[in-house]
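# Coordinate analysis (summary)
Listed below, chain by chain, are the residues.
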Amino acid sequence: MVVKWNDKYMLGIDEIDKQHKHLFEIASEVGGLTKDIGNSIDCYDEYMVILKELIEYTIYHFDYEEKVMKANNYNEDDFIVHQFEHKMFVKKLEKFAEEDFDENQYENINNMLEFLVNWITHHILETDIKYCGVIK
Ligand SMILES: [Fe+2]
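Residues numbered from 1 in each chain as written. Predicted model: local features only at pLDDT ≥ 70, side-chain atom pairs only at ≥ 80, totals over all residues.

## Some remarks on the overall build of the chain
Across its full length, the chain holds four helices and zero strands. A globule of 136 residues ought to have a C-alpha radius of gyration of about 14 Å, and the chain, at 16 Å, matches this closely. Restricting to contacts in the chain with at least 6 residues of sequence separation, those with at least 24 account for 81%. (Helix = DSSP H or I, 4+ residues; strand = E, 2+ residues; numbered from the N terminus. Rg over C-alpha atoms; globule rule 2.2 N^0.38 Å. Contact = placed C-beta atoms within 7 Å.)

In structure tokens form, the structure reads like this:
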């Protein structure tokens, strides 16, 4: 699966756009692994390293967004919903990291990647976009 940033995901908030782009960069590293696996190279260890990096950066990014929302007096109810989405996503990533999948690496990594890209793009376009008017 090819992962590519698209400018339609831009929110017009420089630091947040930069962080979202970096999430895509990490996702595309995961995508790069599927090429090796296609050539029967074992990528389990590399995958775990990238997944760990992804989880750490995601937590950093969500924390940043939540701080910025708070600092700009973002609507409390919307904040709670937003924060809940963040929490669920991190939980899901941690679950991927716990899964033992030495078998079917190609399929498993592709499934994870599909979930990842789907979630990020929907989250940016449907949830993050709501704070655009409040944060500049
Ligand atoms: Fe968010």
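## A word on unusual backbone geometry
Phi at Asn 73 is positive, roughly 50 degrees, even though this residue is not glycine. As for its placement among the helices and strands, Asn 73 is situated in the loop between α2 (44–71) and α3 (76–98). Residue classification places Asn 73 among the exposed positions, given that 9 C-beta atoms sit within 10 Å. (Buried ≥ 20, exposed ≤ 12 C-beta atoms within 10 Å, placed from the backbone.)

## Some remarks on the environment of Glu 114
The residue Glu 114 is located in helix α4 (residues 105–127) in this model. A count of 12 C-beta atoms within 10 Å places Glu 114 in the exposed class. Along the sequence, Glu 114 and Val 3 sit 111 residues apart, while their C-alpha atoms lie 9.3 Å from each other.

## Here's the deal with the nonpolar core
Judged by nonpolar contacts, the single largest core of 13 residues is most densely connected at Ala 27, Val 30, Leu 33, Tyr 47, Ile 109 and Leu 116. Those elements that place two or more of their residues in this core are α1 (14–38), α2 and α4. When residues of this core are assigned to their parent elements, the largest contribution, five residues, is made by α1. Setting aside residues up to four positions removed in sequence, Ile 109 forms contacts with Val 30, Leu 33, Thr 34, Ile 37 and Tyr 47. (Core = buried A, V, L, I, M, F, W, Y, C linked by C-beta atoms within 7 Å.)

## Some words on the packing of α2 against α3
At a minimum axis separation of 10 Å, α2 and α3 run at an interaxial angle of 170 degrees. Classified by the interaxial angle, the pair formed by α2 and α3 is roughly antiparallel. Contacts between α2 and α3 involve Met 48, Leu 51, Lys 52, Leu 54, Ile 55, Thr 58, Ile 59, Phe 62, Glu 66 and Met 69 from the first element and Phe 79, His 82, Gln 83, His 86, Val 90, Leu 93, Glu 94, Phe 96 and Ala 97 from the second. Of the residues in the contact of α2 with α3, the class split is 12 nonpolar, four polar and three charged. (Axes fitted to C-alpha atoms, helices over the stretch in contact; angles between N-to-C directions. Parallel < 35°, antiparallel > 145°, perpendicular 65-115°, else oblique. Nonpolar A, V, L, I, M, F, W, Y, C, P; charged D, E, K, R; others polar.)

## Brief notes about the packing of α3 against α4
One can describe the packing of α3 onto α4 by two numbers: an axis separation of 12 Å at closest approach and a directional angle of 170 degrees. Classified by the angle their axes make, α3 and α4 are roughly antiparallel. Facing α3, whose interface residues are His 82, Glu 85, Phe 89 and Phe 96, α4 presents Met 112, Trp 119, His 123 and Thr 127. A class-by-class count of the residues in the contact of α3 with α4 yields four nonpolar, three polar and one charged.

## Digging into α4
The terminal C-alpha atoms of α4 lie 31 Å apart, and with 23 residues this matches the ideal 33 Å at 1.5 Å per residue to within 8%. Taken residue by residue, α4 has Gln 105, Ile 109, Met 112, Leu 116 and Val 117 as its buried positions. (Expected span 1.5 Å × (residues − 1).)

## Quick notes on the environment of Lys 95
Take Lys 95: it is sitting in helix α3. Between the alpha carbons of Lys 95 and Leu 51 there is a distance of 11 Å; along the sequence they are 44 residues apart.

Everything listed here is a matter of coordinates, which is why it stays silent on function.
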